[in-house]
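Observations on the three-dimensional arrangement
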Amino acid sequence: MNIFGYTLQNLREYFVKINENPAKAAILYDGIYRRGLRDFRAYGFAERVVEHLESDFTFEIPKVIERRENESAAKLLLKLSDGELVETVLMRQRFGNCICVSTQIGCNMGCKFCQSGLMKRVRNLSPEEIVGQVLAISETFSCKINGISVMGIGEPFDNFDAVSNFCEIVSEDCGMAVGRRHITVSTCGIAPRIYDYADLSRSCSLAISLHAPNDALRSRLMPINRRYPIAEVMEAARYFSRKTHHRVALEYLMLKGINDSSEHARELAGLIGDDDFYVNLIPYNSTDNEFCKSEPDEISNFCGILKNNGVIATKRHEFGANLNAACGQLRADYLK
Ligand code: SAH
C-alpha cells in the first residue's frame, strides 16, 4: 500500500490493528511530510514496528517525465504506475506557491470550451495519486506549498471520496498543514456533492465554474447545467457558505462574443445579489476550437459593471499560457 493515500486517522487505525500506540501516526506524518523521511528506519521506532511498516507500505511518487518552466509558473507531466499521464502546475504568486492538481484521467463533463473534456474519463485518481502530484512538485522544485487548487483535469466531485481524503491528508496539522482556506476545490456544479462537501467535518474552500449568467447559455456551454441548473447550484453554494463561513468563488471564463457583454455582467450581478460570493474572471486560454478569449477592454468593462453593482470581482492573472500549460494542453501535446 502506498502510504501517501493514508489519512492520519487511517494510520492511527493501522497502529491499533498491529497493537501499537496510535500516537505513532502523528510521528510518522511529521517525518513523511515535514522532514521528507523516506526510510522507516529513520523514525526511531522499535524493530518490530519497522518490520510491519516495511512490509505493509511503500513511498511511491509519480514519475516526472516532462517539465516546463517560466518565471511565474512550472508544469510537470507525471506518469502513474499504470502508465497513465497527469499534469500538475505550480504557480509562484506574490503570497506564496500554489499548486493545481488533477483528479481524474480525462473528464466526462463535456464542457464545450474545455480541452480536458475531449478525453473521456479513463479512471479516477486515488488519494495517493493526488497527494503524489503535490509531492512531485515540492520535491522537484524544493519549495513549500502555500495553497492548492483542485482545478486540474477532471471533475473533483465526480471522484468525491478520493478528493475529500486528499483534502484531509494535505491539510493535516502535523503533516503538510496547508491551510484549509488555501485549498480550493473547483466544481462544474454537481449540486448534491456541494452539500456533502459542506458537511465534511473539516471543509476546505469552494469554487464554482459558472461561466454563464443564465440557464439557456450555461446549458449550451456546460451540459451538466441541464441536470443541475443555476438556481440549484447557487442554493447549494449558499448552504456551503452558511455552514462553513468560507466565501465561495464563482469562476467566470471570459469568452469573446459569447458571455462577455455588459448585459451578461448585469445579469450576473443580479444573480449574485447580496450573497457573499466573489467573482473570478478568467481569461480564456485558446485551444483548437471555436472559442476565443475576450478583449482586455471587454474584461475590464465586465469587471467594472460587477463592481458598480456591489459584487467583489477580480481578474485572474494568466500563468500557464506560454507553457501551453492550461487545462489538459500538456498532456494533449504529449499524446500527439
Ligand atoms: N471540473 C472542475 C475543475 C477542473 S476545470 C471545474 O469545472 O471547475 C478548472 C477550470 O478551468 C474551470 O473553471 C474550467 O471551466 C476552466 N477552463 C477549462 N478550459 C479552459 C481554458 N481553455 N482556459 C481557461 N480556463 C479553462
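Heads up: the structure comes first, above all this text.
Residues numbered from 1 in each chain as written. Predicted model: local features only at pLDDT ≥ 70, side-chain atom pairs only at ≥ 80, totals over all residues. Heavy atoms only, no water.

1. Observations regarding the environment of Leu 221
One can find Leu 221 in helix 7 (residues 215-221). Overall, Leu 221 belongs to the buried group, its relative accessible area being 3%. For the pair Leu 221 and Phe 40, spaced 181 residues apart in sequence, the C-alpha to C-alpha distance is 50 Å. Beyond its immediate stretch of four places on either side in the chain, Leu 221 contacts Gly 110, Cys 111, Lys 112, Phe 113, His 211, Ala 212, Leu 255, Ile 258 and Phe 291. (Helix = DSSP H or I, 4+ residues; strand = E, 2+ residues; numbered from the N terminus. Buried < 20%, exposed > 50% of the residue type's maximum accessible area, 1.4 Å probe, protein only. Contact = heavy atoms within 4.5 Å.)

2. Here's the deal with the pattern of salt bridges
As enumerated under the stated definition, the model contains 23 salt bridges in all. Between Glu 139 and Arg 38 there is a salt bridge; the shortest N-O distance is 2.7 Å. With a gap of 101 residues between them, Glu 139 in helix 4 (residues 127-140) and Arg 38 in the loop between helix 2 (24-33) and helix 3 (47-56) connect regions that are remote in the sequence. Classification of Arg 38 as partly exposed rests on a relative accessible area of 28%. Ionic pairing is found between Arg 266 and Glu 263, a salt bridge with its closest N-O pair at 3.6 Å. You can see Arg 266 and its partner Glu 263 sitting in helix 10 (residues 262-272), three residues apart, about one turn around the helix. Residue Arg 266 is classed as partly exposed on the basis of its relative accessible area of 44%. We classify Glu 263 as partly exposed; its relative accessible area is 48%. (Salt bridge = Lys/Arg side-chain N within 4 Å of Asp/Glu carboxyl O.)

3. Side note on helix 10
Among all positions in helix 10, only His 264, Ala 265, Leu 268, Ala 269 and Ile 272 are buried. Each buried residue of helix 10 sits inside an arc of 140° when the element is viewed along its axis, so together they form one side. Buried-residue contacts for helix 10 involve helix 7, helix 9 (230-244), strand 10 (248-254), strand 11 (277-283) and helix 11 (296-308). Gly 273, located one to two residues past helix 10, shows a positive phi value of around 50°. (Arc of directions from axis to C-beta.)

4. Section: the pairing of strand 4 (residues 96-100)
Within strand 4, five of the five residues are buried, leaving the element largely enclosed by the surrounding structure. Across five bridges, the pairing between strand 3 (residues 85-93) and strand 4 is antiparallel. For Leu 90, the partnering residue across the bridge sits in strand 4 and is Ile 99. Linking two consecutive strands that pair antiparallel, namely strand 3 and strand 4, is a turn of two residues. Two elements, strand 4 and strand 7 (residues 147-150), share three bridges in a ladder whose sense is parallel. By the bridge assignment for strand 7, Cys 98 is matched with Gly 147. (Pairing = 2+ DSSP bridges.)

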